[in-house]
Amino acid sequence: NRMNEIVIKRATMGVADYLLSKNDHPLAIIGYDTRINSKEFAEEVAKDLSVMGVDSYLFDEPTPVPVVSFAIKHLKASCGIMITASHNPKEYNGYKVYDSVGNQIDDDKARLVETYINKHSYFEEILENPKRSGVITLGDGKVKEAYLEALSKNVLLWTEDKDEVSKALDNLNVIYTPLNGAGRDYCTRVFETLGINNVSFVKEQWERDGNFPTCPYPNPENPKAFNMALGYVKDDTDIIVATDPDSDRMGVMAKKDGEFVRLTGDQAGLLMLDYICNCHKSGIAGKTLGQNMVAYKSFVSSPFAEDIAKHYGVQLKNVPTGFKNIAREMEVLKQEGREEDFLFGFEESLGYLYGTYTRDKDGVLAAQMICLIAAYLKTKGQSLLDRLEELHHMLGYVKSKGTSIEFTAEKDRETMAKIMEDLFDRKLTTLMGEELDLDDEFRPLNMFRASTSKGHQFIIRPSGTELKVKIYAFAKGNSEEEADKEVGEMIEELAAFGDTYK
């Protein structure tokens, strides 16, 4: 109920003031997903910007988040605005702002923009710019084609034998669902470009529908999001791929012992990191694995990524949660003249990026990547999960598991704050009978991180958007069973700690 034209108008006035303070003729890229009123809100943003003298490029159809970020760079725009609530339930919507390099604005820039927004009242009339009216340009498909061309340049092949690659991709059997979202046409083009001819599309989730009638919680992290797709499984199906409504996240299921299992965001990210490093190491199509190349992940993503990176001699850097923090690192590399040293970035929440064509996680790119990996492994008689097992045999077992302390009312935010305050005040000092080694450097990020002498670690942080405190646990073991047992016990004990606050 807080996402309405009044709130949109006020926010847009602030954004316009900020842009005009920097540039006499700013250009804003405006995108929207398939949610209820997303298109109408995007049109309101364009209209309001025009009155204030800001030009805009308004997409003419629901568009993935990474395409908006791409368009900012491609059209040399001043900012981007995306109307979306990503993977949240249908009742949600939101207003994302991107800067002139295509990064979602960081906290410092957000606070600065908020100072401009706060100068306006909710029911204030927009004053026309006496010097000029902004021009609204409707998308004509050219940016979409430029994005898809950029994506095709990020196809990583495992061999220079094109016939072998074509045969492998033609032999791959995929089920795909866009979950009624914006990724539909984009992923379809990716499958066509790769030459994957055996794709089954989930018809019930094909239309752009913000009600998400067959998937009330359209998040590929949720196993229920795949329920409809599982009905399309045949004996020869290899993988099931899903993108969320704004297509910045990608989830995948693969076979294990004849049944389809959902890979966690960590597992898919680890497979991509391994595959990317292996392709670069092979030097195919001019790729290299330079000693200065860096991969990035969020702190809450699996530490097993560090073992894989070390195996290939690649640097791996941890950043705070939020893909904007990986994007910020990309900008640092660019400013240092090292943009080509960005190798890969991922988050456990199904966010992945290979290449520098955009500055946000890209579900379309991830769908492309996971299909390439699955096709390659199939030529070796392996599945995605087989390769994960192989990596664990080589480098050791690390299991991750998550849970949340969930609340239902806005007043519960005080309880969420109390949980974090108690953690920082050392109210939790042992786990599974072991003393915890507490990491204070994360307190400014409102993130609690601790580890045990066995090498286990966990992170607790409040969600940025939902009424929940998230718990991430990682356990090491000499076998899969041992690591599973340890991480299960960790989660059980941490959940019990959280339940004391309910």
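Fair warning: this is a prediction, and the values are worked out from it, not measured in the lab.

1. Quick notes on helix α9 (residues 265-282)
Each full turn of the α-helix corresponds to 3.6 residues, which orients residues three or four apart in the same direction.
Now for step 1: The first and last C-alpha atoms of α9 sit 26 Å apart over 18 residues, in line with the 26 Å expected at 1.5 Å per residue.
Now for step 2: Positive backbone phi, approximately 75°, marks Gly283, located one or two places after α9.

2. Remarks on the layout of surface pockets
Now for step 1: Size it by volume and the second largest pocket reaches roughly 720 Å³.
Now for step 2: What lines the second largest pocket is a set of 27 residues, among which Glu221, Arg262, Glu348, Gly402 and Thr403 lie closest to the centre.
Now for step 3: When contributions to the lining of the second largest pocket are tallied by element, the ones reaching two or more residues are α9, β15 (397-406) and β21 (468-477).
Now for step 4: Partitioned by chemical class, the residues of the lining of the second largest pocket number eight nonpolar, ten polar and nine charged.

3. Here we look at the packing of helix α7 (residues 184-194) against helix α12 (residues 363-379)
Now for step 1: Where α7 meets α12, the axes come as close as 9 Å, and the angle between the chain directions of the two elements is 35°. Crossing of α7 over α12 shows right-handed handedness. Counted together, Tyr186, Cys187, Val190, Phe191 and Leu194 of α7 and Val364, Ala367, Gln368, Cys371 and Leu372 of α12 form the full contact between these two elements.
Now for step 2: Grouping the constituent residues of the contact of α7 with α12 by class yields nine nonpolar, one polar and no charged.

4. Structural notes on the packing of helix α1 (residues 5-22) against helix α4 (residues 107-117)
Between two packed helices, what matters for the description is the angle formed by their axes and the separation of those axes.
Now for step 1: Their axes nearest at 7 Å, the elements α1 and α4 cross at an angle of 110°. Between α1 and α4, the interaxial angle falls into the category roughly perpendicular. Like other packed secondary-structure pairs, α1 and α4 cross with a definite hand, here right-handed. The segment α1 lies against α4, with Arg10, Ala11, Gly14, Val15, Asp17, Tyr18 and Ser21 engaging Leu112, Val113, Tyr116 and Ile117.
Now for step 2: The residue inventory of the contact of α1 with α4, partitioned by class, reads seven nonpolar, two polar and two charged.

5. Brief notes about empty space enclosed by the protein
Now for step 1: Applying the stated criterion across every chain yields a total of two cavities of 30 Å³ or more.
Now for step 2: In this structure, the largest cavity occupies an estimated 50 Å³ of space.
Now for step 3: The wall of the largest cavity is formed by Leu148, Leu151, Ser152, Arg189, Val190, Thr193 and Gln368.
Now for step 4: Elements with a contribution of two residues or more to the lining of the largest cavity: α5 (142-152) and α7.
Now for step 5: What the second largest cavity holds in volume is close to 30 Å³.
Now for step 6: Lining the second largest cavity, in full, are Phe424, Arg426, Leu438, Asp439, Asp440, Met447, Phe448 and Arg449.
Now for step 7: Elements represented by at least two residues in the lining of the second largest cavity include exactly β18 (437-439) and β19 (448-451).

6. A few points about the pattern of salt bridges
Now for step 1: Here the structure, examined in full by the defined rule, presents 34 salt bridges.
Now for step 2: Notably, a salt bridge pairs Arg328 with Asp106, separated by 3.7 Å at the nearest N-O pair. Taken as a pair, Arg328 in helix α11 (residues 323-335) and Asp106 in the loop between β4 (95-98) and α4 lie far apart in primary sequence, 222 residues in all.
Now for step 3: We classify Asp106 as buried; its relative accessible area is 16%.
Now for step 4: The residue Glu329 makes a salt bridge to Lys317 at a minimum N-O spacing of 3.1 Å. Taken as a pair, Glu329 in helix α11 and Lys317 in strand β12 (residues 315-319) lie far apart in primary sequence, twelve residues in all.
Now for step 5: Its relative accessible area of 37% is what places Lys317 among the partly exposed residues.
Now for step 6: Each of the salt bridges in this network shares a partner with another, and the network as a whole consists of Glu61, Lys144, Arg184, Asp185 and Arg208.

7. Notes on the side chain of Lys468
Now for step 1: Mapped onto the secondary structure, Lys468 falls in strand β21.
Now for step 2: Residues contacting Lys468, with those up to four places away along its chain left out, are Ser404, Ile405, Glu406, Met416, Pro462 and Ser463.

Basis of the calculations
- Residues numbered from 1 in each chain as written.
- Predicted model: local features only at pLDDT ≥ 70, side-chain atom pairs only at ≥ 80, totals over all residues.
- Heavy atoms only, no water.
- Helix = DSSP H or I, 4+ residues; strand = E, 2+ residues; numbered from the N terminus.
- Expected span 1.5 Å × (residues − 1).
- 1 Å grid on protein atoms, 1.4 Å probe; cavity = no way out; pocket = protein on both sides within 12 Å on 5 of 7 lines; lining within 4 Å.
- Points joined across faces, edges and corners; volume = space filled by probe spheres on them.
- Nonpolar A, V, L, I, M, F, W, Y, C, P; charged D, E, K, R; others polar.
- Axes fitted to C-alpha atoms, helices over the stretch in contact; angles between N-to-C directions.
- Left-handed = near helix turned anticlockwise from the far one by under 90°.
- Contact = heavy atoms within 4.5 Å.
- Parallel < 35°, antiparallel > 145°, perpendicular 65-115°, else oblique.
- Salt bridge = Lys/Arg side-chain N within 4 Å of Asp/Glu carboxyl O.
- Buried < 20%, exposed > 50% of the residue type's maximum accessible area, 1.4 Å probe, protein only.

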